[in-house]
Structure formats: C-alpha cells, structure tokens
Amino acid sequence: MKQLVIFDLDGTLLNTIADLAQSTNHALQALGYPTHPLEEYPFMVGNGINKLFERALPEGEKTGENVLRVRAEFIPYYNMHNADMSRPYPGIPELLERLQAEGIRLAVASNKYQEATSHLIAHYFPAIRFAAVLGQREGIPVKPDPTIVNDILRTASASPADVLYVGDSGVDMQTARNSGVEACGVTWGFRPRRELEEFSPAHIVNTPEAILSLCLRG
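Since we're looking at a predicted model, the values are computed, not measured.

**Student:** Honestly, the sheet that holds strand β6 (residues 163-167) in this entry has me stumped. Any pointers?
**Tutor:** Pairing between sheet strands relies on hydrogen bonds along the backbone, with the strands arranged either parallel or antiparallel. The parallel open sheet is built from 6 strands, whose spatial order is β5-β4-β1-β6-β7-β8. Of all the strands in the sheet, the pair left with one neighbour each is β5 (132-136) and β8 (203-205). The sheet shows a mean angle of 20° between the axes of neighbouring strands, taken without regard to direction. Bridge analysis of β6 against strand β7 (residues 182-186) gives 4 bridges, and the strand direction is parallel. Bridge assignment links V166 to a residue of β7, and that residue is C184. Set on the sheet, helix α4 (residues 92-101) makes contact with β1 (4-7) and β4 (105-113); between it and β1 the angle comes to about 155°.

This is the structure we're talking about:
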C-alpha cells in the first residue's frame with residue numbers, strides 16, 4: 001500500500017483553465033496585446049506562470065521584461081478571481097476523503113505560484129489534512145525539476161518507494177521520473193493521453209477510483 005500520494009493541482013485535482021485563461025487575457029488586454037481563446041490555454045500552462053505568459057505574448061514580444069509586465073497585471077486579478085470558475089474534477093473530493101480515511105498521506109506539488117496554490121487547496125478541500133502543499137516558490141526551479149518532490153518527501157519523512165505521483169501532463173511524468181517515484185498519469189486533465197504515453201508512466205488512469213485501487217494494492 002502506498003504511504004503518500006503527491007498530486008499535481010491544475011488539470012489533476014482542479015479544472016482551473018477557465019480562470020487562468022480569463023486572468024491571462026485580462027493582463028494581455030490591459031497591456032494592449034491580443035488575447036487567446038479558451039481552447040488554446042491547455043497547451044500554454046504546465047510550466048509555471050512565467051512560461052504561460054511567454055507563450056501567450058505575441059512573437060517578437062516574448063521578452064523577460066514583458067513577461068514581468070504581464071505578471072504584474074495577472075497576479076492581483078487572479079488572486080481575486082481564481083475560484084470564479086475553477087472546480088474539482090468529478091470524484092476528486094471523494095478520492096481525497098477516502099485516501100485520508102485509509103491513513104494514506106496526501107500532498108500537492110504544483111507549478112502554480114505558492115500563494116494561489118495554498119488558497120485553492122484551502123478553498124476547495126478544507127477537510128483534507130495535507131502533509132505538504134507546495135507551489136512555485138522564489139528561487140526554487142519549477143517541475144520537472146525534482147526539488148519540489150524532494151522537499152515534500154523530506155517534510156513527510158517518506159521513502160520514494162512508498163510514493164505515488166499523480167499528474168495530467170508530460171511535465172508531471174518527467175517530475176516523477178526525476179524524483180524516483182512511481183508515476184500515474186490521469187486522462188481527464190489539460191493534456192492528451194498520447195503526451196502521457198510518451199513518458200511511459202507506470203500507470204495511466206481514466207477515473208479517480210482507479211487511483212484508490214493503485215494506492216491500496218499490495
């Protein structure tokens with residue numbers, strides 16, 4: 001049985017894409033840049049918000065200075081609106097409650113900046129006692145760098161062999177590999193199944209219930 005499950009946030013626990021798109025478009029529009037339709041955003045997210053802004057900026061405008069300008073417009077707006085349309089995926093609240101009831105510890109490792117990560121977890125899952133909730137922190141590299149997972153393992157005093165890492169993207173599958181933990185890809189998130197398959201995770205699941213079965217096995 002697994003002792004700790006580490007979840008990605010966006011596209012895994014919560015469908016946050018509409019609020020991310022709305023907030024990025026707000027920032028772009030405020031600076032006079034063209035906006036993007038919602039359906040383009042699932043392929044812009046996943047590597048932290050600075051990378052999101054770089055991808056959203058027009059060709060020829062993708063400078064570090066402009067990324068910071070977009071960030072300055074985005075963060076105050078997103079902090080106010082990050083729960084407008086975001087919702088847990090079906091079955092996720094029940095999965096977390098059941099894992100907790102089974103004595104399996106839970107953690108979050110996200111490339112979303114720390115303030116928003118903490119707020120969303122507290123807002124949507126107030127009854128869940130997470131061992132660690134880590135987002136992107138100043139001076140810490142983003143996933144797929146393994147630092148965030150290694151920090152969680154230390155905080156939870158967990159061995160990699162006892163851990164399942166759950167995410168919806170190739171970045172997540174790389175993060176698990178780089179951290180030496182077992183990877184589980186989910187198909188309900190922002191990226192297509194074929195992206196998960198490229199990294200040959202130990203598991204790819206279509207429902208939250210399947211994650212419970214994996215954790216209780218053995």
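**Student:** When you look at the pattern of salt bridges in this model, what are you seeing that I'm missing?
**Tutor:** Pairs can form between side chains of opposite charge whenever their charged atoms are close. Per the counting criterion, the structure on display carries 10 salt bridges. As a salt-bridge pair, D10 and K112 come within 2.9 Å of each other at their nearest N and O atoms. Of the two residues, D10 is situated in the loop between β1 and β2 (14-15) and K112 in strand β4; the sequence distance between them amounts to 102 residues. Exposure remark for D10: the relative accessible area of 12% places this residue in the buried category. Since its relative accessible area comes to 4%, K112 is described here as buried. A salt bridge links K143 to D172; the nearest nitrogen and oxygen atoms lie 3.0 Å apart. Remark: D172 occurs in helix α7 (residues 170-179) and K143 occurs in the loop between β5 and α6 (147-156); sequence separation between them is 29 residues. A residue is classified by how much of its surface remains accessible, and K143, at 2% relative accessible area, is buried.

Analysis parameters
Residues numbered from 1 in each chain as written. Predicted model: local features only at pLDDT ≥ 70, side-chain atom pairs only at ≥ 80, totals over all residues. Heavy atoms only, no water. Pairing = 2+ DSSP bridges. Helix = DSSP H or I, 4+ residues; strand = E, 2+ residues; numbered from the N terminus. Axes fitted to C-alpha atoms, helices over the stretch in contact; angles between N-to-C directions. Contact = heavy atoms within 4.5 Å. Salt bridge = Lys/Arg side-chain N within 4 Å of Asp/Glu carboxyl O. Buried < 20%, exposed > 50% of the residue type's maximum accessible area, 1.4 Å probe, protein only.

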